[in-house]
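A closer look at the structure
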Amino acid sequence: MTLTVDEATGPADSGGPGELPPIPDGAIMLTVKIQRFNPELDDAPHMESYRVPALPGDRLLNTLHYIKWYIDGTLTFRRSCAHGVCGSDAMRINGRNRLGCKVLVKDLIGDKKNEVTVEPIKGLPLLKDLVVDMEPFFDAYRAVKPFLITEGNLPTREYIQSPTDRARFDDTTKCILCAACTTSCPVYWSEDAYVGPAAIVNAHRFIFDSRDDGGQERLEILSDAEGVWRCRTTFNCTEACPRGIQVTKAIQEVKRALMFRRI
Ligand code: SF4
Ligand code: FES
């Protein structure tokens, strides 16, 4: 029977290492090179390599689980849903920001001799191994007021919104706050005061919502020196987004609304 590595290994419980599970039929031996950093022991991050049996259809996250459960229980990374929904496992895989749970082994190995490199996302303080401090990212998110703001009397019935009005911000509702866009942005790496693409995407989601009255307030926030004008339109963010959001387009729409003072 062919098992995925997940099925072969079962749920995480031990903090590893444990007895090795049977290698599933069709597995290849993958070398996973991971950036390790323990702030209590290390002066600087370093790379460590692990040999992991993996099926071509396994997700990279499966291989990290295997390492944690069976080889080195100290490996530290975030993940929750394992299905591209929670946004907690953004990491740099072969140099590109991706979700560990969405990228398949077969799409990573190519001509790279069954070798994969995994590093933490850049531009946020490194805490341990693949875990970074997300607080600066969420500070920027909170700064753009990512919630519905209404003025005047509350309506006595539901808000009516036409499909056309809804379509204006539909794309940016898909954000899962993984930070893949923001931490792929060279401006964010060099100027950490920049709010970053994800905050602008989440501002866009409300600015162009016909039910919201806080658009001008958010535009004011984003016209600040650390706001949208820092964007250099490098498109890294759009490329990195695991939800396929047109991040650069959303940023351009916010810039246009600011230039013409019209939402
Ligand atoms: S816009 Fe895309 S890449 Fe950026 S935080 Fe949202 S889901 Fe992640
Ligand atoms: S673990 Fe939830 S998005 Fe990957």
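Values in this document were obtained by computation on a predicted structure and should not be read as measured data. (Residues numbered from 1 in each chain as written. Chains lettered and ligands numbered in written order. Predicted model: local features only at pLDDT ≥ 70, side-chain atom pairs only at ≥ 80, totals over all residues.)

Points about the overall build of the protein chain
If you tally the helices and strands in the protein chain, you get ten helices and seven strands. Projecting the C-alpha coordinates of the protein chain onto the three principal axes gives extents of approximately 65 × 45 × 35 Å. Taking as baseline every contact in the protein chain between residues at least 6 positions apart, the subset at least 24 positions apart corresponds to 68%. (Helix = DSSP H or I, 4+ residues; strand = E, 2+ residues; numbered from the N terminus. Contact = placed C-beta atoms within 7 Å.)

Side note on the nonpolar core
Counting residues in each nonpolar core, the largest one holds 64 residues, and the members touching the most others are Ile200 and Val254. Per-element tally for this core: the top contributor is helix 7 (residues 197-207), with seven residues. Both of domain 1 (5-123) and domain 2 (134-260) provide at least three residues apiece to this core. (Core = buried A, V, L, I, M, F, W, Y, C linked by C-beta atoms within 7 Å. Buried ≥ 20, exposed ≤ 12 C-beta atoms within 10 Å, placed from the backbone. Domains from an automatic or database assignment.)

A look at the confidence of the model for the protein chain
For the protein chain, per-residue confidence averages 92 on the pLDDT scale, and residues scoring 70 or more make up 92% of the total. Long-range and interchain partners of residues 1-14, a stretch whose pLDDT sits below 50, account for 31 contacts in this model, where long-range means more than four residues apart. (pLDDT = per-residue confidence, 0-100.)

Topic: the pairing of strand 1 (residues 28-36)
Across a regular strand the side chains alternate sides, sitting on one face of the sheet and then on the other. As paired strands, strand 1 and strand 2 (residues 46-54) are joined by nine bridges and run antiparallel to one another. When the bridges of strand 2 are listed, Ile34 appears paired with Glu48. Strand direction decides the pairing type here: strand 1 and strand 5 (residues 115-119), joined by four bridges, are parallel. Residue pairing in the sheet places Ile34 in a bridge with Val118 of strand 5. (Pairing = 2+ DSSP bridges.)

Structural notes on the domain arrangement of the protein chain
Looking at the assigned domains, one finds that the protein chain contains domain 1 (5-123) and domain 2 (134-260). Summarising the inter-unit geometry, the C-alpha centres of domain 1 and domain 2 are found 31 Å apart. Listed per partner, the contact involves twelve residues of domain 1 and twelve residues of domain 2. In terms of residue count, the dominant contributor to the side of domain 1 that touches domain 2 is strand 4 (residues 96-99) (three residues). A breakdown of the residues in the side of domain 1 that touches domain 2 according to their chemical character gives five nonpolar, four polar and three charged. (Nonpolar A, V, L, I, M, F, W, Y, C, P; charged D, E, K, R; others polar.)

Examining the pairing of strand 4
Sheet topology places strand 3 (residues 90-93) next to strand 4; four bridges connect them, and they run antiparallel. Residue Ile93 lies in a different strand from strand 4, and its bridge partner there is Arg96. The hairpin turn running from strand 3 into strand 4, its antiparallel successor, is two residues long, and Asn94 in that turn takes a positive phi close to 50°.

Quick look at helix 7
Of all eleven residues that make up helix 7, eleven are buried, and the element is covered over most of its length. Of the residues making up helix 7, those classed as buried are Pro197, Ala198, Ala199, Ile200, Val201, Asn202, Ala203, His204, Arg205, Phe206 and Ile207. Taken together, the buried residues of helix 7 touch helix 4 (135-143), helix 8 (215-222), helix 9 (236-240) and helix 10 (247-260).

Quick word on the environment of Val103
Along the chain, Val103 falls in the loop between strand 4 and helix 3 (106-109). When the C-alpha atoms of Val103 and Thr182 are compared, they prove to be 19 Å apart, with 79 residues separating the residues in sequence. Dropping the residues within four chain positions of it, Val103 is found in contact with Arg59, Leu60, Ile93, Arg98 and Leu108.

Some thoughts on the packing of helix 4 against helix 7
Relative orientation of the contacting elements helix 4 and helix 7 amounts to 25°, with a least axis distance of 8 Å. When the axes of helix 4 and helix 7 are compared, the pair comes out roughly parallel. Where helix 4 crosses over helix 7, the two elements pack in a sense that is right-handed. Every residue of helix 7 that contacts helix 4 at Phe137, Ala140, Tyr141 and Ala143 is listed here: Ala198, Ala199 and Asn202. Tallied by class, the residues present in the contact of helix 4 with helix 7 amount to six nonpolar, one polar and no charged. (Axes fitted to C-alpha atoms, helices over the stretch in contact; angles between N-to-C directions. Parallel < 35°, antiparallel > 145°, perpendicular 65-115°, else oblique. Left-handed = near helix turned anticlockwise from the far one by under 90°.)

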